[in-house]
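Descriptive structure summary
The chain contents come next:
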Amino acid sequence: MAILIVGLMFASLTSAIIGSLTYFSTSEQLQKFTFWSMGNLGNLSWLSIVILSVCVAIGLLLSLVSIKSLNALLLGENYARSLGMNYKRTRLIIIFATSIVAGSITAYAGRIAFIGLAIPHIAKLVFQTSNHTILFWSTVLFGSIIMLICDSISQLPGSDLALPINAVTSIFGAPIVIWLLIRKRKMMN
């Protein structure tokens, strides 16, 4: 609960900062910000791709190291501690890994909705498991494939126009998340 509240407060703070910067920005800067906020997998220099790849690799390696601890946590915090897991250390590693991956991808590709939210649930539904080893690799694979499919759709084959990738991921992701929420609610009743 504390992490959720801190996240909401951080979002509020960053929103205020972005609003202030937007107010004092030029029209060219506002246009760049608008395009970034719509998400884009193109227009990155090779240096940006290298930096992004290093950041994502570090985050994924930290996540990979935490898989055993995440599996132990499935049975509860007390059980995980009885297995010798350092709960606080593991929690910090997971938060740090998530922050590195999500932050670096957002910084370079923009805000791309629903991929990080919907794909893990899809992987869990497909493989019918809670084993994080399987979920880790399937999420990486499904996320990559679905992201490339959405990017291909956003390029509007046969046309010079391109949709923002965020629009395409939202069109596919929102119904999936709604369906998952309704399904979970039906299972609870």
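The sections below set out a description of the structure shown in this document. The written sequence of each chain sets the order in which its residues are numbered from 1. A pLDDT threshold of at least 70 governs which residues receive local features in this predicted model, and a stricter bar of 80 or more applies before side-chain atom pairs are shown or counted, although totals over entire chains, interfaces and linings include all residues. Hydrogens and water are ignored here; the side-chain numbers use all heavy atoms of the structure.

Examining the overall build of the protein chain
- Strands are runs of DSSP state E lasting at least two residues, helices are runs of H or I lasting at least four, and both sets are numbered from the N terminus onward. Scanning the protein chain from terminus to terminus reveals nine helices and zero strands.
- Tracing the protein chain from N to C terminus, the helices and strands come up as α-α-α-α-α-α-α-α-α.
- Categorising residues by exposure relies on relative accessible area from a 1.4 Å probe, with only protein chains included: less than 20% of the type maximum marks a residue as buried, more than 50% marks it as exposed, and the intermediate range marks it as partly exposed. Out of the 189 residues in the protein chain, the part that is buried amounts to 22%.
- In this analysis, two residues are considered to be in contact whenever any of their non-hydrogen atoms come within 4.5 Å of each other. Partitioning the contacts of the protein chain with sequence separation of at least 6, the portion at a separation of at least 24 is 66%.

Notes on the packing of helix α7 (residues 115–127) against helix α9 (residues 165–188)
- Between N-to-C directions, angles cover 0 to 180 degrees, with each direction set by a line fitted to C-alpha atoms, over the stretch in contact for helices. Contact geometry for α7 and α9: axes closest at 9 Å, N-to-C directions at 55 degrees. As summarised for this structure, α7 and α9 are arranged oblique, according to the angle between their axes. The handedness of the crossing between α7 and α9 is left-handed. In contact with I115, L117, A118, H121, I122 and L125 of α7, α9 contributes T169, I176, V177, W179, L180 and R183.
- Broken down by class, the residue content of the contact of α7 with α9 amounts to nine nonpolar, two polar and one charged. Angles below 35 degrees are treated as roughly parallel, those above 145 as roughly antiparallel, those between 65 and 115 as roughly perpendicular, and all remaining angles as oblique. If you view the pair so one helix is near and one far, a crossing is left-handed when the near helix is turned anticlockwise from the far one by less than a right angle, and right-handed when it is turned clockwise. Asp, Glu, Lys and Arg are counted as charged, while Ala, Val, Leu, Ile, Met, Phe, Trp, Tyr, Cys and Pro are counted as nonpolar; the rest, among them Gly, fall into the polar class.

Side note on the nonpolar core
- Nonpolar core, defined: a set of buried Ala, Val, Leu, Ile, Met, Phe, Trp, Tyr and Cys residues in which side-chain atoms within 4.5 Å join the residues together. In terms of nonpolar packing, the biggest core is built from twelve residues, these being I115, A118, I119, I122, A123, L135, F142, M147, C150, I165, V168 and V177.
- Listed by contribution, the elements that provide at least two residues to this core are α7, α8 (132–154) and α9.
- For this core, the element with the highest residue contribution is α7, accounting for five residues.
- In this structure M147 touches L41, I112, I115, I165 and T169, once residues within four positions along its chain are discounted.

Description of the packing of aromatic side chains
- Pairing of aromatic side chains requires ring centres within 6.5 Å, counting the rings of Phe and Tyr and the six-membered ring of Trp. Pairs whose planes differ by under 30 degrees are stacked, by over 60 edge-to-face, and all others tilted. Scanning the model with the defined rule gives four aromatic pairs in all.
- Aromatic pair F136 and W137: ring centres 4.9 Å apart, planes at 90 degrees, arrangement edge-to-face.
- Look at W137 and you get partly exposed, because its relative accessible area is 48%.

Notes on the layout of surface pockets
- Here a cavity denotes a set of grid points, spaced 1 Å apart and computed over the protein atoms alone, in which a 1.4 Å probe fits but from which it cannot get out, and a pocket denotes an open set meeting protein on both sides within 12 Å along at least five of seven lines; residues with an atom within 4 Å of a point are reported as lining. Grid points are joined across faces, edges and corners, and a volume is the space filled by probe spheres set on the points. Approximately 2000 Å³ is the volume found for the largest pocket.
- Contributing to the lining of the largest pocket are 43 residues, with T98, V101, A102, I105 and G116 lying nearest its centre.
- Those elements giving two or more residues to the lining of the largest pocket turn out to be α1 (2–23), α3 (46–65), α4 (67–73), α6 (87–109), α7 and α8.
- Of the residues in the lining of the largest pocket, the class split is 28 nonpolar, twelve polar and three charged.

Quick word on the pattern of salt bridges
- Note on definitions: salt bridges are taken to be side-chain nitrogens of Lys or Arg within 4 Å of carboxyl oxygens of Asp or Glu. Within this structure, the stated rule accounts for two salt bridges.
- In this structure, E28 and K32 form a salt bridge, with 3.7 Å as the shortest nitrogen-oxygen distance. Residue E28 and its partner K32 are located together in helix α2 (residues 27–38), separated by four residues, close to a single helical turn.
- By relative accessible area, which is 56% here, K32 ends up exposed.

Some details on a nonpolar patch on the surface
- Judged by side-chain polarity, L141, I145, I149, I153, I171 and F172 come together as a nonpolar surface patch covering roughly 550 Å² of accessible area.
- With four residues, the single largest contributor to the nonpolar patch is α8.
- Take I171: it is sitting in helix α9.
- Judged by its relative accessible area of 57%, I171 is exposed. Like-charged residues are merged into a patch within 9 Å and nonpolar side chains (Val, Leu, Ile, Met, Phe, Trp, Tyr) within 5 Å, provided each residue has over 30% relative accessible area and no salt bridge. Using a 1.4 Å probe, the Shrake-Rupley method yields the accessible areas, and only the shown protein chains count as cover for residues.

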